[in-house]
Amino acid sequence: MKEKVNLKVIASWDDGTTADLKMAEMMLKYDIPTIFYWPSYISRGNELAMTSSWLSEKQCKEIASRFEIGSHSVNDISMKKMQIAQISREINDSKKHWQDVTGQPINSFAYPKNSMNPLMKALLKGAGYTSARTSLTGFLNNGTDPFEIKCTVQIGIDRIDYKNKCWELFAEEMIAKANEDSVFHIFGNPWDIETFGDWENLENLLKILTGR
Ligand SMILES: [Zn+2]
């Protein structure tokens, strides 16, 4: 990969598994502004999420003491076909839950399963959120709508929109397109990175992005 320094890098990580602990360490090491988006169902108990387990309340508090926390709804399921009352519960109950657990205001939301639409945006605004992140990749800026924050690359997943490239190569391609005005927004599910053994590849990317 070509080296490119002075790039503004931000990150957001979803789902609230114990892989977030390792991610938090890495984000601190490379000094990346980061939001962790958690669904509030993780507080219900100890079902396993793939290779990682859910964060305990104590671990949530630890991460929240160093990072901004956002809501990823209550259940992290598609909200496209939900009734308004159900959507409202998903966005309001999760906001209140994480405010109570972390003691910080919860202002940002990450749409579960590409659930963004005009109704969702309106309901989020009404609930007091100030921003929401999509799962759209291939962008080098956040976009103009704070309720439609765009991303650059999803880490750990070789997505269809990468057109037969692995995520590492897609990231390389985006770095080549970036300039000093770019915001390079990496995101994903830390448990994917754990599952596919991609920590080293992520760290290599961070080294290039931060010029270290
Ligand atoms: Zn999710």
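For the structure itself, consult the block above.
What you see is a predicted model, and the numbers here were worked out from it, not measured in a lab. (Residues numbered from 1 in each chain as written. Predicted model: local features only at pLDDT ≥ 70, side-chain atom pairs only at ≥ 80, totals over all residues.)

Student: Hey, could you run me through the overall build of the protein in this one?
Tutor: Across its full length, the protein carries seven helices and nine strands. Since a compact globule built from 212 residues should have a radius of gyration of about 17 Å, the 17 Å found for the protein is in line with a globular shape. The dimensions of the protein, computed from C-alpha atoms along their principal axes, are 50 × 35 × 30 Å. Residue pairs at least 24 apart in sequence account for 66% of intrachain contacts in the protein once pairs closer than 6 positions are excluded. (Helix = DSSP H or I, 4+ residues; strand = E, 2+ residues; numbered from the N terminus. Rg over C-alpha atoms; globule rule 2.2 N^0.38 Å. Contact = placed C-beta atoms within 7 Å.)

Student: When you look at the packing of helix α3 (residues 84-102) against helix α4 (residues 118-126) in this model, what are you seeing that I'm missing?
Tutor: A packed helix pair is summarised by two numbers, namely the angle formed by the two axes and the spacing between the axes. Orientation of α3 relative to α4, taken along the N-to-C sense of each, is 50 degrees, at an axis distance of 10 Å. Comparing the axis directions of α3 and α4 gives the class oblique. For the element pair α3 and α4, the recorded crossing hand is right-handed. Along its contact with α3, which presents Ile87, Ser88 and Ile91, the element α4 presents Met120, Leu123 and Leu124. Class assignment of the residues belonging to the contact of α3 with α4 gives a composition of five nonpolar, one polar and no charged. (Axes fitted to C-alpha atoms, helices over the stretch in contact; angles between N-to-C directions. Parallel < 35°, antiparallel > 145°, perpendicular 65-115°, else oblique. Left-handed = near helix turned anticlockwise from the far one by under 90°. Nonpolar A, V, L, I, M, F, W, Y, C, P; charged D, E, K, R; others polar.)

Student: Is there a simple way to think about unusual backbone geometry in this case?
Tutor: A negative phi angle is the norm for most residues apart from glycine, just as the trans form is the norm for most peptide bonds. The phi torsion at asparagine 114 lies on the positive side, around 55 degrees, for a residue other than glycine. Along the chain, asparagine 114 falls in the loop between β6 (108-110) and α4. Positive phi, close to 50 degrees, is recorded for lysine 163, a residue that is not glycine. As for its position among the elements, lysine 163 is in the loop between β8 (153-154) and α5 (167-177). A residue is classified by how many C-beta atoms lie within 10 Å of it, and lysine 163, with 9 of them, is exposed. (Buried ≥ 20, exposed ≤ 12 C-beta atoms within 10 Å, placed from the backbone.)

Student: Help me understand the environment of glycine 70, please; the structure alone is not making it clear to me.
Tutor: Structurally, glycine 70 can be placed in strand β5 (residues 68-71). Among the residues examined, glycine 70 registers 23 C-beta atoms within 10 Å and is labelled buried. For the pair glycine 70 and phenylalanine 196, spaced 126 residues apart in sequence, the C-alpha to C-alpha distance is 25 Å. Excluding anything up to four places from it in sequence, glycine 70 contacts Ile35, Tyr37, Ile106, Ser108, Phe109 and Ala110.

Student: Please clarify how the environment of phenylalanine 196 should be interpreted in this entry.
Tutor: With respect to the helices, strands and loops of the structure, phenylalanine 196 is situated in the loop between α6 (190-195) and α7 (199-210). A residue is classified by how many C-beta atoms lie within 10 Å of it, and phenylalanine 196, with 15 of them, is partly exposed. Separated by 39 residues in the primary sequence, phenylalanine 196 and isoleucine 157 place their C-alpha atoms 8.8 Å from one another.

Student: Is there a simple way to think about α3 in this case?
Tutor: Side chains of residues three or four places apart in an α-helix project in the same direction, reflecting 3.6 residues per turn. Given a rise of 1.5 Å per residue, 19 residues ought to cover 27 Å, and the 27 Å separating the end C-alpha atoms of α3 matches this to within 8%. Listed in full, the buried residues belonging to α3 are Glu90, Ile91, Ser94, Lys95, Trp98 and Thr102. On an axial view of α3, the arc spanned by its buried residues comes to 105 degrees, and they lie on one face. α3 presents Ile84, Ala85, Gln86 and Asp100 as exposed residues on the side facing more than 90 degrees away from its buried surface. The inward-facing, buried residues of α3 contact β2 (34-38), α2 (57-64), β5, β6 and α4. (Expected span 1.5 Å × (residues − 1). Arc of directions from axis to C-beta.)

Student: Honestly, the pairing of strand β9 (residues 183-188) in this entry has me stumped. Any pointers?
Tutor: Regular strands place their side chains on alternate faces of the sheet. For β9, the tally of buried residues reaches five of six residues, placing the bulk of the element in the interior. Where strand β1 (residues 8-14) lies against β9, six bridges are found, and the strand directions are parallel. Bridge pairing in β9 links serine 12 to phenylalanine 187. Between β8 and its parallel partner β9, the chain crosses via α5, and the hand of that crossover is right-handed. (Pairing = 2+ DSSP bridges. Right-handed = clockwise from strand over helix to strand, strands pointing away.)

Student: What is the right way to read the nonpolar core from this model?
Tutor: Nonpolar side chains in soluble globular proteins generally cluster together in the buried interior. Membership of the largest hydrophobic core comes to 48 residues, with the highest contact counts inside it found for Phe36, Phe109, Leu124, Ala132, Val153 and Ile186. Setting aside anything within four residues of it in sequence, one finds phenylalanine 36 in contact with Trp13, Asp20, Ile63, Phe67 and Ile69. (Core = buried A, V, L, I, M, F, W, Y, C linked by C-beta atoms within 7 Å.)

The quantities given are spatial measurements derived from coordinates; they are silent on function.
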